[in-house]
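Each chain, letter by letter, is given below.
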Amino acid sequence: MSQIQPLTVDVLEQEALPAELPPLTAPAPKGRLRRAPLPQWVRLLLSNPKSRGGLIVLGAMIVVAVFAPLIATHDPNAFSLIDSRQSPSWNHLFGTTDQGADIFSQVVLGARTSLILGASAALLSTVLATTFGILGAYAGGWIDDVVNFVTNVFLVIPTIPLLVVVSGYLKTRGSLTMILIIGLTLAALEARILRGQALSLRNRDFVQAAKVAGESTPRIIFGEIMPNMVSRIAAGFVLVFYVAILTAAGLEFLGLGDMQHTSWGVTLYWAQVNSTVLQGEWWPFLFPGLALATTVAALVFILAGLDEVSNPRLRVERTHRRAWRSLLLGKGRT
Amino acid sequence: MSAVATRTLLELDDVSVEYALRDRVVRAVDGVSLSLAPGETLGIAGESGSGKSTLANAILQILKPPAQLAGGRVLFEGRDLAAMKPDELRRFRWRHVSLVFQSAMDVLNPVMRVGDQFVDMLKAHEKVKKADALQRAGDLFELVGIDRNRVRAYPHQLSGGMRQRVVIAMALALRPELIVLDEPTTALDVVVQREILQELQQLKDELGFAVIFITHDLSLLVEFSERIAIMYAGEVIELASGETLFRDPRHPYTVGLMRSFPPLTGPLERIAGIPGSPPDMAAPPSGCRFNPRCPHCDPTDARLYARQTDERPRLREIAPGHLVACHLVEERP
Amino acid sequence: MRWFLRRLLFYVFALWVAVSLNFLLPRLMPGDPVGGVLAHLSPAQIQSNPGIVQTYRDLLGGGKGSLGSEYVKYLGHVATFDFGISTSNYPSKVTEVIGRTLPYSIALVGVAFLLAFVLGIAIGMVAAWRRGGIVDNFVVPAMMSLGAFPAFFTSLVAVYFLGLKAGWFPIQHAYDSAVTPGFNWTFISSAVRHAELPVLIIMFVYAGGWVLNMRTVMINTIAEDYVAMAHAKGLSDTRVMTRYAGRNAILPPLNGFAAQFATAVGGLVFIEFVFSYPGAGLTLQQAALGADYPLTQALLLVFAVTVIVANFIMDIANFVLDPRVRTG
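Below: a short report on this structure. Computed from a predicted structure; not experimentally measured. (Residues numbered from 1 in each chain as written. Chains lettered and ligands numbered in written order. Predicted model: local features only at pLDDT ≥ 70, side-chain atom pairs only at ≥ 80, totals over all residues. Heavy atoms only, no water.)

**Re the sheet that holds strand β11 (residues 316–319) of chain B**
Residue and element names in this part refer to chain B.
Next up, step 1: Ordered by their spatial adjacency, eight strands build an open sheet running β6-β7-β8-β3-β9-β10-β12-β11, and the pairing between neighbours is mixed. Unpaired on one side and paired on the other, β6 (97–100) and β11 mark the two borders of the sheet. Each adjacent strand pair in this sheet contributes to an overall mean axis angle of 25°, direction not counted.
Next up, step 2: Two elements, β11 and strand β12 (residues 322–324), share three bridges in a ladder whose sense is antiparallel. (Pairing = 2+ DSSP bridges. Helix = DSSP H or I, 4+ residues; strand = E, 2+ residues; numbered from the N terminus. Axes fitted to C-alpha atoms, helices over the stretch in contact; angles between N-to-C directions.)

And the structure:
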């Protein structure tokens, strides 16, 4: 579940440390937005094997989610006792549930719910975290105090039990509500990371120069600080996306999510509640579980790639590997 | 003085050390040959990056990858250290050669009492009870001028000078035949520096160990060593007694070094220094490695210039006990 | 001493944060939590427990007093450990339910998490010491990928393959249903047997984080001069690795102990749910599903206090292990 959360947070926080990030902090675009074909860090990301692999898998999952209704072979909520508890076959690729619903269709359609839920919560969290994290770090004062306080709350109160309790208080747990509570909870976590990174930027020359030149606070934040944090905000988004997908699926697995829609977590919940494992049925938990694990792994790989791209020490190993490859395959494009 | 050695304690025979980096190999020490008699003090001087500390690590065989001994032999009382088995080597270290590190501030384990760091070392070499080991540590503390009760202190509770003394006490503990001092006093202020070195000199006279004294501070070397080797870009370029070097430096680099510190006696001259910077060791200049900075490397003398830029000068004796590696000295003695 | 006072102040603050959050949460939620709770009790049950409605109002809101006076009443209940009756465990009191279930969770997560720490630190240390060796190249990536999987998925897979198919482990509950809990060998051995698989899973899931953390720190520590000095002193390799490099490298990961522990406590909910393990995590999930708000409120507080205690233990460990904190 959220167990590797601090691990990746660490990775991101370390990323904030090195003062010089040559490829990432391209000179801040002064004034109007200039249209570049692709930011350099995006190209770097695509050239990194880890993040490229992650992006491909995630992309495939998104394609499945988009065309889910076309790919699904059955009604995911079908109720048919004749078809119930069938192991995988040509008709039911991933087998069927206790109720006789087709698990393949549930997994395919579940991709849609899980990805949308995760992405929306992550988006909400990132917007909040970026605004308050950077604003707090730059402006200080009560905003920073509040950000700090909320951060401290989450140092003491474990996220999952908190979300379980909050979901328990809610009578109806629709998608929107879940996005809201997950997004809000994770925003605190993300704000802490972004705040730290913004703090390290605040005292840089170019920010100080803008300050002396009398630029307004919003202008400095959006014109000077934000452009230099794009890659970090992107990393924060991926991290929160990954935690949000896990959290949403986890809450659904506990029966405390949006149980009305077909999703990976809901399929897993019914597998658990109906004790399918104990009856020797592996398909009701394995396929949705694998779909979840694959998506999560893809996001972790993207994160690892982002980290490698921004961490000079890891990049040395990369050139080393490339040297090997060029030795084996002859001179290629590097 | 005692330069006439009856037997040799340590012999470096054509020692080379390389750093095998991912995409290139850097030769930090290149074919250094030196020998040391028992009880002698040999100074090694050079700029940072000239390979002197690497050489010190090579003597104790504690080179850390990517550094590795690339050639030559380190002979201690005739035994080749590189041929020793790991455990044999482990017992050899500190028992016969100890090392006072460059950064004495950081060589003590911050989470261990300094006394326990003594005990650790003594127990690695002898069968001793902890109480006895601590007793001996206390004795050594007194020998180097620290209150014996400080064995219970943690490194952060000691001042820089005291830590340095602790490290020296540790280096003396097993009565080794040779102590290597690798810039032992760089982090200390000048007064403490001299104080500690004078104490060391006294201890040396009492205990009779040999010393290899590595530093970039020539004035200290001239004062404390019998012979001095000047290193440049991984090579020894001049070797002579301190007195000879002070009065009659021959290699242009040594001349520059000698000029770059104010004389201890006599009128203050203008400090000249050496223009330019040490070479990139991944791609050292061909021929004499000093040629890009050498004031005597002049294309007008085409023949000499060709030698200077193509041929590696060899260390040769120009007077008894005075060795120089320089084409210029060779051709215009 | 000043250091200790400052830490103490942090704990008091953290405790206040946890207590106050628990006061605010039900009051911020839409709907009527007290009504939701009472709906799970029959009129007769309410009748036979005079004052229970008032207790719920004090705890969850819906009373007529101002927020300030409600806060005072709420603090009174918290201070006397009076959280009323757990509707999903009628007629047990909330405190009784917690007293019954918490020991299982503490034993489970305590043992597993300590093992994870020890295992992770050891693997991270060796991986860094022999960089590019077998441990570094094979064990580390394996541990990392185990850690990246959702814990409940790992649990389900383990229950199916190791428990059901291979039959190596019991897969349900905390002890054999034929055994009565008590301080005797049959019960303890049965409890240990049932805890094996969950402990193994928690261990392998969380060790990955420690491995990565320790490895990174250790790589930096090995470059320290006191490690080179230890080699030069003629100490054995193992001694240099453990007493000099490892002993110093362990301090930074130790500082992340409490934060990791908080997430492990969260992950416990899933693992207990998969194993139907009657600990505080499963109880929390059941209570949340059954609108047993007095119980969820008290449990959230318990989880927070557990994390605070873990912080405290970590501080003490730091105090013992780092002389610079102790005497600096």
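Still more to cover.
**Structural notes on the pairing of strand β8 (residues 210–215) of chain B**
All names here are of chain B.
Next up, step 1: By the criterion of burial, β8 is predominantly enclosed, with six of the six residues buried.
Next up, step 2: Of the two faces of β8, the one holding Ala210, Ile212 and Ile214 and the one holding Val211, Phe213 and Thr215 are both buried throughout.
Next up, step 3: Note: strand β3 (residues 41–45) against β8, five bridges, orientation parallel. Residue pairing for β8: Gly43 is matched across the bridge by Phe213.
Next up, step 4: In terms of strand pairing, strand β7 (residues 178–182) meets β8 through five bridges, oriented parallel. Counted as the bridge partner of Asp182 is Ile214 from β8. (Buried < 20%, exposed > 50% of the residue type's maximum accessible area, 1.4 Å probe, protein only.)

**A closer look at helix α11 (residues 237–249) of chain C**
Next up, step 1: Of the positions making up α11(C), those classed as buried are C:Val240, C:Met241, C:Tyr244, C:Ala245, C:Gly246, C:Asn248 and C:Ala249.
Next up, step 2: Where the residues of α11(C) are buried, they touch α3 (114–125) of chain B together with α6 (94–129), α9 (185–222), α10 (225–232), α12 (251–255) and α16 (323–327) of chain C. (Contact = heavy atoms within 4.5 Å.)

**Some details on the interface of chain A and chain C**
Next up, step 1: Tallying the contact residues gives 50 residues for chain A and 55 residues for chain C.
Next up, step 2: The junction of chain A with chain C conceals about 4700 Å² of combined surface from both sides, 78% of it contributed by carbon and sulfur atoms.
Next up, step 3: The interface formed by chain A and chain C includes zero salt bridges.
Next up, step 4: Our count for the chain A to chain C interface comes out at four residue pairs in polar contact (both at pLDDT 80 or more).
Next up, step 5: Elements that contribute at least two residues to the side of chain A that touches chain C include exactly α1 (5–16), α6 (141–156), α7 (159–169), α10 (217–253), α11 (264–273), α12 (283–310) and α13 (312–329) of chain A.
Next up, step 6: The element best represented in the side of chain A that touches chain C is α7(A), accounting for eight residues.
Next up, step 7: Tallied by class, the residues present in the side of chain A that touches chain C amount to 35 nonpolar, nine polar and six charged. (Buried area = accessible area lost by both parts, 1.4 Å probe. Salt bridge = Lys/Arg side-chain N within 4 Å of Asp/Glu carboxyl O. Polar contact = N/O pair within 3.5 Å; in protein donor to acceptor, adjacent residues only side chain to side chain. Nonpolar A, V, L, I, M, F, W, Y, C, P; charged D, E, K, R; others polar.)

**Observations regarding the pattern of salt bridges**
Residues and elements named next belong to chain B.
Next up, step 1: As enumerated under the stated definition, the model contains 30 salt bridges over all chains in all.
Next up, step 2: Close ionic contact of Glu235 with Arg312 constitutes a salt bridge, the shortest N to O distance being 2.5 Å. Taken together, the residues span a long stretch of sequence, with Glu235 in strand β10 (residues 235–241) and Arg312 in the loop between α10 (302–310) and β11 at a distance of 77 residues.
Next up, step 3: The exposure class of Glu235 is buried, given its relative accessible area of 13%.
Next up, step 4: Among the charged side chains, a network of salt bridges with common partners joins Glu18, Arg27, Asp30, Glu235, Arg289 and Arg312.

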